[in-house]
Structure formats: C-alpha cells, structure tokens
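Here is what each chain is made of, one letter per residue.
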Amino acid sequence: MSSRLSLPLLMLCAVALVARTAAAAAEAASTLQAKNPSPASDASPSPAPSHTVPSQDVFPFPFHIDDLDNGLRVVTVQTDFGDLVSLHIVVATGSRNEVEDGRSGFAHFFEHMMFRGSKNYSADRRNQVMQQLGVDGNAYTTNDYTNYHETFGRDQLDRVLEVEADRFLHLKYERPAFRTEAMAVFGEYNKNSSSPINKLYEVLQDTAFDRHTYKHTTMGFLRDIVKMPQMYDYSLEFFDRWYRPEYTTIMVVGDVQPQQVGAMVRRHFGAWQRGSHKAAIPAEPPQAAPRHAHVPWSSPTQPWVAIAFKGPAFSAANRDQAALDLVAELAFGPDSPLYRQLVVNERKATALLADFGDSTDPFLDVIFVRVQDPADATYVRDAVLRTCEALKTTPFDAAQLDRVKRHLRYRFAASLDSADAVARAVVSYLARTRTPATVNDLYARYAEVDSTDIMRVARTYFDTKGRTIGTVAHGDAPLFAPAPDDTATPCDAVLLPTKSPLVTFRLVFLCGAADDPSGKQGLAQMTAQMLAQGGTESMTFEEVTEALFPMAASFDAQVDKQMTTLSATVHQDNLEPFWTILREALTRPGFREDDLARLKLLTKSYLEVELRGNNDEELGKEVLYGEIYRGHPFAHHNAGNLADVEALTLDDVRAFYRDHLRADRLVVGLAGGYPDDFADRVRRELSARLGGDPGKPAEPAAPPVPKELARSAMTIVQKKTLATGIHLGFPIEVTRRHPDFVALWLVRSFLGEHRNSAGQLYQRLREVRGLNYGDYAYIEYFPRGMFQFKPDPNLARTQQIFQLWIRPVPPQNAAFACRAALYYLHRLVEQGLTEAEFETTRQFLRQFVATFVATQDARLGYALDSSFYGSGDFVEQIRSGLASLTVADVNRAIKQHLHTDRVQFVVVTEDADAFVTAVLGERSPITYQAQPAAEVLEEDKTIERFPLGVRREDVRVVPVAEVFAK
C-alpha cells in the first residue's frame, strides 16, 4: 500500500490497513511504499542491469543489481549518510499467497516465527548477538510481501548477514515456541479489533471480495487465527514453500561497495536452494452490483463512511495508477474543493481522505469520511459520490495537475534523509519488480498524466456496480467537543512530519522555574505536574491513566528555567482519542486538592530522599548551579524548596497557569506520522482555548546577567556518604546562538564527553590513576547524567555555565582529584589543543553528533531548541561549524571563555574538615593501590601542590539537611 497518498489515512484514522502487526504498522507508516508492476506469476522477474541514475530521476542514488544462480537478488544502493547501513530482506509472500482454506493470516504469523531460533542461533542467542552488534531491526507483513529490516554499523554487515542467513536457510523452532507465538498473534488480533476503523476495514475487504485472498486482512480471519496453535507441521511446510531465494531480494543501503556486498551475500546465502512452489491466486470475478456493510459499535465513536471501488493492479508501465494517485490528491486531498466543503466550510466531516494504495492484484481504492453528526452521513456520502461522478466529465486544468505532481515529487525527495529511509522508500518496489528503477518509471508516468487520463480512470474504476460502502457507528453516541474556533491565529510550531507510525508531541511553553514568584519556588514545576498527573475537568487522574493504558501512552512534564515542556508519543492508531485527552489536560485541567497533595508529597520525597539522600552526584550538580546563580532567578532547584512547596496552594497553581501557560508563550512541536491537517488543528485548538495573544511570536524571557565571583570559592555539602563528589564551574556567555559554541562544544568533548572514555579527564584520572568512575565536562545544563548517556532536549537557556564533573572518589584522594581537575583545565587554558588533539576530537564529533538526534523524539526536541536559539538544525550546525573550525579558533575560544580563577567548587563529602585541610594545605598527595608509570608520578608532584585559589574564608560548609530546605 502506498503511503504517499494513503499516509493521511494511516496517520489520522489509525487504519492498520490489513490489521497487521505492530511492527508492520510501524513500518508501513514510516515507509514510502511505492508502486510496482504486477508480475505475471509468483516467479521472480527477469534480471535487471546495473543502473546509474541520471539527474532528472527522482531516485538520486546509484544502485547495483546482482543476481545469484539460485534466484536470489542483491540490490546495493550507495549513499553517503555515514557509517550506518540498512539491510532489508524482502520475501515476496504475504496474505495474498494464503490460498488454502483455513490458512489465512499465516504469512504474518510466520513472520513472528522467524525470530524464534535457527540451527546455530537460538532466539536468545540471536537477540544477544544482534544486541552486541548494535542492530536496530524488526519485520512486518503486508498483503503482498514480508520484510525483515535492520540498521547497524557498516562494519557489522558481514556478521549480520551471517546471522540472517542462518535463519533463512536453517530456521528451527519447537512446538512450544510455536504455540506460544500463536497465542500472541491471537492477542494482537483482539487488540486491533478494538479499533472501529480497523474493524471497518476488515469488514469492507470481506464484503468487497468473494474469491481473491484480499478478502481477508493480513491478520487473517478470526476463525483461522484460533486454530493456529495446531498448525506446527504446516508452518514448516510454509517455510519450505515460500522462504526461497527466487522469492527473496536482499537490499543493502549505505556507504558500501556493491562488489563487497555481493561477495558477502554469496558467501552466506549462496548455498540456499531454489524452490519450486507456486500459488494459484484466485482471480476476483467482476462485481455485479453495489454492496453495503455496517459495523455496529458498542462504545461511543464518531461515524465513519468508507466508499470503495475496485482499483487496478499496480503498474508503472501505464498511467492508470499514477492518474489515480493524482485523483486522490486533486479530488479528496486537503486542497480539494470537497475537503473545503465538508471539513472546512460546512464542518459536516472531521476527516476526508483517499487511500488509493498499491497492490500486486486489483485491490480497493477507498475514500474515507469521518462524520461529525450521524444525521449528516447521507449528505456526506452523496457529496462524495457526486464528486466521483463529476471526475468522469470535468477536466482539471494543467496548473492544478502540475502543482500536485510537484508536491508528490518533492515529498518523496524529502523522505530520503537516511540509509534506512532510502531503503524504506523503495522496499515495496523490490517486493514486486526487484529493482529501484521502478520508482523513476512511476514518476515518469506522473509527468505524462493529463486531464484526459484523469477522466478516463474515473470512468473506468469509479463504477457503481463495483462499489462497496461500509459504515461504522455507535448510533446515538454523544458527539465530541465542538470544533475549535477557526478564526484563532495559530501559535508557533516546529513540525517534523515523517512516515513513522508514532506521533510525538512536545508542547513547549517559554516559561519555567525562573518565573517562580518569590516565596513560591517550585510553582512552575507543580503547575506542570498538575497538568500531566492531575487529571482533567471531566476525568480524574486515575481515569486518565486507565484510558491511556491500552494505548501504551502517557504524557510527561519537564520544567527548566525557561522552558516548560509537555511531551508524549502515541501510535497513530490512537492519535484522536489521545489528543482529546491531552488537549483537555492542557486547556481544562482538573486542579483538584487531592492531586495537589499527592504531587506535593512526591516533590518533597524527591528533594529529601532521591536527591539529598540517594544521589550525591546530582545533588552536587544542582548545588553548583545554586551557588553560581546565587540571588538570580536561576538559583533555586526547578522543583523548588521544601518550605515553599509545602505552602503552595491551588490558587497559586491556577494563577501561574493563567499568567504563564498561554498561547503566546507556546510552541507546538509535532513529529511523526500525523495527518496532514492535524498540526494545524492542534495549533488552532490550543490557541483558541488558551489565553494570551497567539499572534505574538513567542520569545523567552531575558533574565539578568549572573554576578561573577570576585575570586574562587568552595561550598561543601556535608552528609554521611562513602565517597566524595566534586563539581566545579563558572558562568559563560556562550549558548548555541554564540559564534564560539561549536568551538567550546569540541573543547568540552576533548576534556570529557559524557559517559565516554576518550576524554582527557577520564584518561588521566580514571584510566591512568584509577581515581573514580568517570570525569566529564559540560557547557550546557545536563541533569540526570547519572542515569543517561545523552542530554534531554528542551532544557534550553539563554545563560549557561562551564562545568567539570568529577564523579565520586575515595575521601583520601578527594583533595588530589579536586586539584587535578583544575590542573588539567589550567593546562588546557595555557597550552590549548594540539593539532592532533583537535583533529581527533573533530573527527569523532562529526559522526557522534548524529547520536544526539537518533530518535524521532530527540530530533523534535532539538529542533525546538534550535528554534529557541535561532541556531538552525543542531547536527548541521555542529557539522558545518566543525568543517570550518581550526585549532587556532578553538584555542582562541578557550582563552576567551575559560579560566581557572573565579571558579565555584562544590564538594559532597562526609568529613568536611578533613577535606578542607587536605585541599587547602601545602600539598594533597594521592594514595595508589597499584603504582603507575614514572611519568605519572612525576606529574603527581605538580598536581598535589597545584593551587586552587580558594581562601579558607571563602569555604562554606552546608549540612545536607539545609540544602533545598528554604
């Protein structure tokens, strides 16, 4: 099924079109599944030559095709997206091949069994190996094929192919595992059947088809699913029939050489034996009269009307499918007159979309409408049918056609942003034609389509006799909330639409803990938590939790100094009900006394127990910020202090919500496979329901410049603890909008990349001397570093500090470690980086920076931060900055922004007096368990006497009970 034109359907109405597995739905929503010609039989097509793509083709990457003697095809697509490669193993079998009575759903079920073990790799062993190799993979089944896909480092390709070959050539599993998986598939069917639109599609297929295997969804008939546990022997037969090289295409996308890829595949898959099985897919007879089906729904739901016609089998050799793709956009897309009529102007429908998908054999072209009022269902149906009839005789002008053609072309091009995305863009071509060249053929057909083609395909396929209309409705179910005020000016937005089946929300208010009123520290945090964990006007928190549980969804709040973020990720299947709850949580919060009491208790427990009592490292970091920003709006912890939190009232929360969480401070962040109109809906609905002026650009409030220390100072948090933690830092003017940001980002990585062993501090303190667990440097706020490897996004600040984190050391060596940290910083300031140090760090960061945005959620978060800073795409900012950076630039930035005087030290230790005596004395020697090299001992002599520049009168000892107290 093509997600070019059916993507709105997948995103908006959560149709998992063939009720496929969660993995399949995920893949289908993120894949640009494309149009492919129908082969004459199930045999593999004839070999295709190597192909170098000319510039006018829409698919811009060169590819090479290599056919093995056993019928296996290897397609290598060469890209330059870095060290990651994407491997897709496409088997041309899906629910279409399930021709035997009682065997529906087996292709999907067998996909599950392919993860249950093989001759040389048990399921657990395979998982272990893949984890060790850093493989990110899964599989999914469609009507026409099954795809096994993995992304991993290029150097692991040969090993991954070896493991994959073992299951494709030597699959092995036992009856108990088979039966266990069969019950899991049954549970998956029940899950999918809980969606009214999924059920509607299932009934629509069953009604529209009589003989063809498209009569059942990929999940299969329920009567067949319940019998699957008894089909162990058949599963072995299924594997023997279909998992053969002539039905399989292996595609590798990445910075690889075709000859090397081909050699690897031959080595591991060359012994695979060609099969001989073919299935006689029953042809569907012409439909003699229109059909109807209704799905009664027991719980409230908006009605859906689905109007389906028998479409063509896909072919890029003629214009039929290309013309129908254009019809879907022209007649039923968001720019169409019918959409403006039903959805925008009359508001009789809340969704209108066309799913004219790809298929090996003739399938269904469906127009879906979600009706606002059940009484309008007939009116809406008739409006769609009138449009279908008008298409047969009313031409579209050339400008309209050209506009849609350009949209399709550039939307496809925009999707090709990684090796995996490129693979997904062409995988369905491989299932049918086994060559990516088909995509260029298809777009050539788009270019040829004219208005007469549009009218011809409408007359051919929008035939009344071949029509099936399906509906699902609750009857007298209550309507949803009224539509939002469309006259409201939408708030700001950062949008990253993708083909993912997941929709990620990050709703960022440009306010935070820095806005806490005096005497009410923690109010911003408490207000945000009341939105995320306090229920809505109509639902208690317990009811919200219960409603979100089957969606596997939740939403969380994160509060920093200048950002308050509500974030969530939900599957597109559940987008509408989830958005209904999230919207009410933001715009009609419950604000109940019992929720406030519960959240106050949790906040106090966090401050007292989790932070002060159990996390010395995070404690020291937060105290450091408090000391550096003393008397500044950034000084207090985001969660507040115990005394203020205890005194917070519901009136305080309501006032902060009213005054700060306004539309003119909101930036809507959305990523993933949301419907085309969804982002605008979210912006308008929130703008209409929240206060403030959404037409005014959101700007972060500008706090005062922090007061610099006159000289270095030290704060010691005294608590009962086994080790001594050390933090030191000072304010810097550098943020992501500063021209020296990339230079300092490189410097802090050289000193100590978070949780990375290559940094100088890590090497000199841990590796050489065995002092502690790790030592890192930062130029941006990075909370929760004890528990995670990458910083959370949406902690953007207009002011930052430079910080060194020396993870806890034994008390007898703590003073030495403190001096050592300052010594290495001093040496850096005095000497700078060498050319070799600079180049090594730069090369590492060029690749490593991509890991910061490895997930959809992270990409969205960093995009929002870039909006805050006005700094452009983060990865591009770093890479382009590194490309033009010189060691001279870096050393100048070090001299300008870093120093070793006026440093704030924070130490968490039990014996404060002993530490002060040791660190401020004449020397602080180190005690070794194992003697290091002579050069290290020589350096120790310098470090143990290195002055901190702290006077005894500038040392402050604070009992831990006083931290965050008031």
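Note that the coordinates shown come from a computational prediction; the quantities given were computed from them, not determined experimentally.

Cut-off values and rules
- Residues numbered from 1 in each chain as written.
- Predicted model: local features only at pLDDT ≥ 70, side-chain atom pairs only at ≥ 80, totals over all residues.
- Heavy atoms only, no water.
- Helix = DSSP H or I, 4+ residues; strand = E, 2+ residues; numbered from the N terminus.
- Rg over C-alpha atoms; globule rule 2.2 N^0.38 Å.
- Buried < 20%, exposed > 50% of the residue type's maximum accessible area, 1.4 Å probe, protein only.
- Contact = heavy atoms within 4.5 Å.
- Areas by Shrake-Rupley, 256 points an atom, 1.4 Å probe, with all protein chains shown as cover.
- Polar contact = N/O pair within 3.5 Å; in protein donor to acceptor, adjacent residues only side chain to side chain.
- Axes fitted to C-alpha atoms, helices over the stretch in contact; angles between N-to-C directions.
- Parallel < 35°, antiparallel > 145°, perpendicular 65-115°, else oblique.
- Nonpolar A, V, L, I, M, F, W, Y, C, P; charged D, E, K, R; others polar.
- Pairing = 2+ DSSP bridges.
- Phe/Tyr/Trp six-rings, centres within 6.5 Å; stacked < 30°, edge-to-face > 60°.
- Lys NZ or Arg CZ within 6 Å of the ring centre and 35° of its normal.
- Core = buried A, V, L, I, M, F, W, Y, C linked by side-chain atoms within 4.5 Å.
- Arc of directions from axis to C-beta.
- pLDDT = per-residue confidence, 0-100.
- Salt bridge = Lys/Arg side-chain N within 4 Å of Asp/Glu carboxyl O.
- Patch = residues over 30% accessible without salt bridge, like charges linked within 9 Å, V, L, I, M, F, W, Y side chains within 5 Å.
- Lys, Arg positive; Asp, Glu negative; His and termini not counted.
- Charge placed at Lys NZ, Arg CZ, Asp CG, Glu CD.

## Section: the overall build of the protein
Move 1: Within the protein one finds 34 helices and 22 strands.
Move 2: Computed over the C-alpha atoms, the radius of gyration of the protein is 31 Å, within 12% of the 30 Å expected from 2.2 N^0.38 for a compact globule of 966 residues.
Move 3: Judged by the C-alpha coordinates and their principal axes, the protein covers about 100 × 65 × 55 Å.
Move 4: Within the span of the protein, comprising 966 residues, buried residues form 62% of the whole.
Move 5: Within the protein, residue pairs in contact and separated by at least 24 positions form 85% of the contacts whose partners lie at least 6 positions apart.
Move 6: Accessible surface computed for the protein: about 36400 Å², of which carbon and sulfur atoms make up 51%.

## Considering the environment of T715
Move 1: With respect to the helices and strands, the residue T715 is situated in strand β17 (residues 713-718).
Move 2: In this structure the C-alpha to C-alpha distance between T715 and P501, which are 214 residues apart in sequence, comes to 50 Å.
Move 3: Polar contacts involving the side chain of T715 include one to the side chain of Q904, which spans 3.5 Å.

## Details of unusual backbone geometry
Move 1: Positive phi values are uncommon outside glycine, yet A552 reaches one of about 55 degrees.
Move 2: Positionally, A552 belongs in the loop between α19 (541-548) and β14 (555-559).
Move 3: You will see that R755, though not glycine, has its phi angle at about 55 degrees, which is positive.
Move 4: Its location among the elements puts R755 in the loop between α26 (741-752) and α27 (760-767).

## A closer look at the packing of α26 against helix α32 (residues 887-897)
Move 1: Between α26 and α32, the least distance of the axes is 9 Å, while the angle of their chain directions is 85 degrees. The orientation of α26 relative to α32 falls into the category roughly perpendicular. Contacts between α26 and α32 involve A743, L744, L746 and V747 from the first element and V890, A893, I894 and H897 from the second.
Move 2: Broken down by class, the residue content of the contact of α26 with α32 amounts to 7 nonpolar, 1 polar and no charged.

## Description of the sheet that holds strand β18 (residues 724-732)
Move 1: Pairing in this open sheet of 6 strands is mixed, and the strands run β19-β20-β18-β21-β17-β22 from one edge to the other. Bordering the open sheet on either side are β19 (775-778) and β22 (955-959), each of which pairs with just one other strand. Pairs of neighbouring strands in the sheet enclose a mean axial angle of 15 degrees, with direction left out of account.
Move 2: In this sheet, strand β20 (residues 800-809) lies alongside β19 in antiparallel orientation, the contact comprising 4 bridges. Within β20, the position partnered with Y778 by the bridge is Q803.
Move 3: Of the strands in this sheet, β17, β18, β21 (904-909) and β22 touch helix α33 (residues 912-920), which is tilted by about 150 degrees from β17.

## What to know about the packing of aromatic side chains
Move 1: One pass over the structure, following the stated rule, counts 57 aromatic pairs.
Move 2: An angle of 55 degrees between the planes, with centres 6.3 Å apart, marks the rings of Y234 and F238 as tilted. Remark: F238 and Y234 occur in helix α9 (residues 232-242); sequence separation between them is 4 residues, near one turn of the helix. There is no split in this pair, since Y234 and F238 are both buried.
Move 3: For the pair Y625 and Y781, a centre-to-centre distance of 5.0 Å together with 80 degrees between the ring planes defines the contact as edge-to-face. Pair noted here: Y625 is in helix α22 (residues 616-628) and Y781 is in the loop between β19 and β20, with a separation of 156 residues, a long-range link.
Move 4: Between R103 and the ring centre of Y234, over which it is positioned, the NZ or CZ distance is 4.4 Å.
Move 5: Positioned over the ring face of Y379 is K348, at 5.2 Å from the centre of the ring.

## Comments concerning the nonpolar core
Across soluble globular proteins, nonpolar side chains show a tendency to be buried alongside one another.
Move 1: Of all hydrophobic cores here, the largest spans 71 residues; its most connected members are M714, L751, L825 and L898.
Move 2: When near neighbours in sequence (up to four residues on either side) are disregarded, L898 contacts F730, L744, V747, F802, L825, L828, V829 and A893.
Move 3: Residues F332, A354, A437 and A458 belong to the second largest nonpolar core, which totals 70 residues.

## A closer look at the pairing of strand β9 (residues 349-356)
Move 1: With 8 of its 8 residues buried, β9 lies for the most part within the structure.
Move 2: In this structure, β9 lies alongside strand β10 (residues 364-371), joined through 7 bridges in antiparallel fashion. The residue of β10 that forms the bridge with D355 is V366.

## Structural notes on helix α34 (residues 934-943)
Move 1: Buried residues of α34: V936, E939, D940 and I943, and no others. Buried positions in α34, seen along its axis, are confined to an arc of 115 degrees and lie on one side of it.

## Here's the deal with the confidence of the model for the protein
Move 1: Residues at a pLDDT of 70 or more form 90% of the protein, whose mean pLDDT is 88.
Move 2: Here residues 1-55 is a poorly scored stretch, pLDDT under 50, and it has 219 contacts once near neighbours within four places are set aside; other chains count.

## Considering the pattern of salt bridges
Move 1: Per the stated rule, a full pass over the model turns up 69 salt bridges.
Move 2: Between R96 and D361 there is a salt bridge, with its nearest N and O atoms 2.7 Å apart. A residue pair is termed long-range when its members are at least 10 positions apart, and R96 in the loop between β3 (84-91) and α3 (106-113) and D361 in the loop between β9 and β10 qualify at 265 residues. When sorted by exposure, R96 lands in the same class as D361, which is buried.

## With respect to a negative patch on the surface
Move 1: A cluster of like negative charges, contributed by E542, E543, E546, E593 and D594, occupies part of the molecular surface.
Move 2: Listing elements by their share of the negative patch, those giving two or more residues are α19 and α21 (593-613).
Move 3: Broken down by element, the residue count for the negative patch peaks at 3 residues, all from α19.
Move 4: Note that D594 resides in helix α21.

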